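Chains, contacts and geometry: an overview
Listed below, chain by chain, are the residues.
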Number of protein chains: 2
Amino acid sequence: MKVVKFGGSSVASAAQFKKVAAIVRADDERRIVVVSAPGKRYKEDTKTTDLLIALAYSVLNGNNYGDLLSQVVERYADIVRELELPESLIQDVKASLEERIQTHRSNEDRLLDALKASGENENAKLMAAYFTKLGEESHYVSPKEAGMVVTNEPGNARILPEAYDNLKSLRERTGILVVPGFFGYSKEGNIVTFPRGGSDITGSIVAAGVEADVYENFTDVSSIYSVNPNLVEHPHEMEELTYQEMRELAYAGFSVFHDEALQPVVEKKIPVNVKNTNDPTAPGTFIRSEREQNGLPVIGISSDSGFCSINLKKYLMNREVGFGRHLLEILETEEIPFEHTPSGIDNMSVIIRDHHLYNGKETRILDRIRTELGVESVHVERGLAMVMVVGEGMANSVGVAAKATNALHEAGINIKMINQGSSEVSMMFGVEAKNADRAVQSLYHAYFAPVPAK
Amino acid sequence: MKVVKFGGSSVASAAQFKKVAAIVRADDERRIVVVSAPGKRYKEDTKTTDLLIALAYSVLNGNNYGDLLSQVVERYADIVRELELPESLIQDVKASLEERIQTHRSNEDRLLDALKASGENENAKLMAAYFTKLGEESHYVSPKEAGMVVTNEPGNARILPEAYDNLKSLRERTGILVVPGFFGYSKEGNIVTFPRGGSDITGSIVAAGVEADVYENFTDVSSIYSVNPNLVEHPHEMEELTYQEMRELAYAGFSVFHDEALQPVVEKKIPVNVKNTNDPTAPGTFIRSEREQNGLPVIGISSDSGFCSINLKKYLMNREVGFGRHLLEILETEEIPFEHTPSGIDNMSVIIRDHHLYNGKETRILDRIRTELGVESVHVERGLAMVMVVGEGMANSVGVAAKATNALHEAGINIKMINQGSSEVSMMFGVEAKNADRAVQSLYHAYFAPVPAK
């Protein structure tokens, strides 16, 4: 059994709905379909979810929201008319939106979640109706009915463990089940949306719950590239990569999946197959717990900026039992997660995402480090980027580090920091943010042969 | 004013005493002399301190210790006779040792400290007597008289802050002052010895206390080599290096100074000049707070084995505020200082000295990490060595990492870990201990041109 998730661009229009239906009907194992809200139909288009957010704020601000409401309804109406579905569905969409607005208009959090979630919810109903029209048994399954219980944090739902048991019973249902992505229900009965990457999270949770054989994730690329295609022409395409590799790449700017989205399938070791709605016969990219070694020690390269480093120095620091713990405790009380802590002998750096150092936190943290740890010096270095070289084959490949440092050296890029853990699935280089793109390019060319243009 | 310290081999015999006297008399600034106990006169010789330790255990075990006592006295008697000092000095040595034995024979800690300290103490008296015989005004100054107050931890004395003020008054004294190294007095009046590198510590404390212009440390090499001379023929000699460089090299097996020995002079920024008693006109090596850049980004390479790595893995680890702190806290409650904490995205390693994992600590720590941190996996990897590439010039040298990783690659050595902090005074490579010597050799040859044989 396969759980198949379609992203926003895959369900943006009637034409896309037809592709989705063809894909699902081509494989009897595709039993559960998770859909996003209608995304962009063309480059300048607006995503339905963005319209819905605008609608919510318009309501909250007491403005006349009629136009925005019409624009949203029109997105669905277009699909309904072109697919020749019952016109009543358009009225249903409108009635449902109005009802959500009236119910929650005085509660910002609830209204936002209810309207954002409606994008996926109405689209799922349309999709089920379309399958029915095509002669397939199909059912819209609301997250409430499916038992997708989540924490009651608006916009930041976390799945509750019992949800997986509830979802398992979907296996017993007949027909093509269509589940809206992006939200669940709290125990209090509230609609609560997931954080970024919401529909991917739903698909992953459902796949884990029903213990699917594969979680197919349909989007608009035929495979995952080894490097950001904006930086390199005709980049290498990955046939497969491991969860861990995906995670390390996602950490530093690889935006295929939000890094928490895959957690449910990772735990159950369910393979993820990233495929293209517009080219469904292409094999796509598999993400699994283990992969065949293809002889390439490195599978991908990514980078992300927005890091800073708190650098501190104290003679004989490493003799002080408790020094590192105390330092991390200072960050913890300010609720700042740290990324890495490279250290010399008498110096230690803590790398963090620099958006954490706002509202006087920087001054407060530096003061505490000075007084509580008695350091000789401490300062913050901003404008850092982390470049990740990732691959399960690195552990046993002697020359990987040499190749990487040579490439950066030849590109004239100073390495501010190197961090290679004992796991050796990745090597991380801290560079100045202004050098990050060039660093990625030079590393890519060091590890990958050119791919001929198609 | 200079404080001049002579190591054990420099004061091992009458012939060496003569060299010391010539050195001190050659420079009026050499006003305070710190001496060790008589060291080895030839390769198979026994250090006086080792004889004294054997003597102490012989006393404690109730054995007949007459022979050992005679052997110790004979070391001093040799010097006294050959330098034609008053024979009464020999009797004084013997009486002093007997008195210490009788006073402390039932207290292991006190007896050990009292006898170990006597090695330096008696030698200092002889040295002062020799200067006097040569017509110089000279005074033996006991650490008690000098106000060298320390903590009352047998064998592990730490200097107390007021000692520096007390020592400052030595500036007012006339003549050549001879101070025994290796011990101080607790406030209770006990003799307490310093840990390893004891006479170096005394010299450093005295230099800091009197605010000397230079702390001259005489030993048996004309300069500090950039690499262990057992691994490389005719290694490069350093003219100068910084405290920080010395410290980083000392961390990984560079045994010139025990790393805590220099702390007092580092704080006062007093330069240290390592010189050779047997070749006193050679300029030796200066250790200072800053140095001229000589164009070499790397100044030295060292390695040390006996490390292990606790490797752990947990999905989305870096999202858990408090994870790293909790991990270090587990080590802290077991009183284990950690060395480094390289990390990937979902994995983290803690490098520690592996002698800490004894007596069931390993099982206890791994159990706690499993249960308290809920990690997916944790294991200990033993047999690691740390190889340090050190140099203040590294910060601005783009190619240092490339050169190092190339050299290791060409030598076929797998890099288990790379740790380069933002301070960039050093780069550290974790390798299997069996590869450590070859790693040092290959790195040395990558950075240093051959030195012609003398």
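Residues numbered from 1 in each chain as written. Chains lettered and ligands numbered in written order. Predicted model: local features only at pLDDT ≥ 70, side-chain atom pairs only at ≥ 80, totals over all residues. Heavy atoms only, no water.

- As annotated in an unreviewed UniProt entry, chain A carries the name Aspartokinase and is attributed to Paenalkalicoccus suaedae.
- Entered under Catalytic activity (unreviewed entry) in the UniProt record, the comment concerning chain A runs "L-aspartate + ATP = 4-phospho-L-aspartate + ADP".
- The UniProt entry for chain A carries the following comment under Sequence similarities (unreviewed entry): "Belongs to the aspartokinase family." (UniProt positions renumbered as here; feature names shortened; annotations may be inferred.)

**Some remarks on the overall build of chain A**
- Each helix and strand counted, chain A has 14 helices and 18 strands in total.
- By the compact-globule yardstick of 22 Å for 454 residues, chain A fits well, its C-alpha radius of gyration being 24 Å.
- In terms of overall dimensions, chain A has a C-alpha envelope of 75 × 55 × 40 Å along the principal axes.
- For chain A, the proportion of its 454 residues judged to be buried stands at 60%.
- The contacts in chain A between residues at least 6 apart in sequence include a share of 75% that link residues at least 24 apart.
- In chain A, 48 positive and 64 negative side-chain charges are present, and the distance between their average locations comes to 1 Å. (Helix = DSSP H or I, 4+ residues; strand = E, 2+ residues; numbered from the N terminus. Rg over C-alpha atoms; globule rule 2.2 N^0.38 Å. Buried < 20%, exposed > 50% of the residue type's maximum accessible area, 1.4 Å probe, protein only. Contact = heavy atoms within 4.5 Å. Lys, Arg positive; Asp, Glu negative; His and termini not counted. Charge placed at Lys NZ, Arg CZ, Asp CG, Glu CD.)

**Regarding the relation of the copies chain B and chain A**
- The two copies are related by a screw operation: chain B maps onto chain A through 180° of rotation and 0.0 Å of translation along the axis, at an RMSD of 0.1 Å. Classification of the inter-copy transformation places it as that of a two-fold axis.
- Interface residue correspondence from chain B to chain A reaches 99%, placing this contact among same-surface, isologous pairings. (Least-squares fit on C-alpha atoms with pLDDT ≥ 70 in both.)

**Brief notes about the pairing of strand β2 (residues 30–35) of chain B**
Residue and element names in this part refer to chain B.
- In terms of burial, β2 is a largely internal element, 5 of the 6 residues being buried.
- With 5 bridges connecting them, strand β1 (residues 2–6) and β2 associate as parallel partners. When the sheet's bridge partners are listed, Val-4 is paired in β2 with Val-33.
- Read from β1 through helix α1 (residues 14–25) to β2, the crossover connection turns out right-handed.
- Relative to strand β5 (residues 176–180), β2 is paired through 4 bridges, and the arrangement is parallel. Residue pairing across strands places Val-33 opposite Val-178, the latter belonging to β5. (Pairing = 2+ DSSP bridges. Right-handed = clockwise from strand over helix to strand, strands pointing away.)

**Focus: the environment of Gly-393 of chain A**
All names here are of chain A.
- Mapped onto the elements, Gly-393 comes out in the loop between β16 (377–390) and α13 (400–410).
- Given a relative accessible area of 18%, Gly-393 falls into the buried group.
- Among residues more than four places away in sequence, those in contact with Gly-393 are Arg-291, Gln-293 and Pro-297.

**Details of the UniProt feature "binding site: ATP" (unreviewed entry) in chain A**
Residue and element names in this part refer to chain A.
- This chain's UniProt record puts "binding site: ATP" (unreviewed entry) on Lys-5, Phe-6, Gly-7, Gly-8, Thr-219, Asp-220 and Tyr-225.
- Relative to the helices and strands, Gly-8 resides in the loop between β1 (2–6) and α1 (14–25).
- In contact with Gly-8, other than residues within four places in its own chain, are Ser-36, Ala-37, Pro-38 and Gly-39.
- With respect to the element layout, Thr-219 can be found in strand β8 (residues 214–219).

**Considerations on the packing of aromatic side chains**
All names here are of chain A.
- Going through the model one piece at a time under the given rule, you end up with 7 aromatic pairs over all chains.
- Note on Phe-6 and Phe-218: the rings are 5.0 Å apart at their centroids and 25° apart in plane angle, and the pair reads as stacked. In this pair, Phe-6 is assigned in strand β1 and Phe-218 in strand β8, connecting sequence segments 212 residues apart. Across the pair, Phe-218 and Phe-6 agree in class, each one buried.
- Here the aromatic rings of Tyr-444 and Phe-448 are separated by 4.8 Å at their centres, their planes lie at 15°, and the arrangement is stacked. Residues Tyr-444 and Phe-448 agree in their burial class; the two are buried.
- Across from the ring centre of Phe-286, 4.4 Å away, lies the NZ or CZ of Arg-288, which sits over that ring. (Phe/Tyr/Trp six-rings, centres within 6.5 Å; stacked < 30°, edge-to-face > 60°. Lys NZ or Arg CZ within 6 Å of the ring centre and 35° of its normal.)

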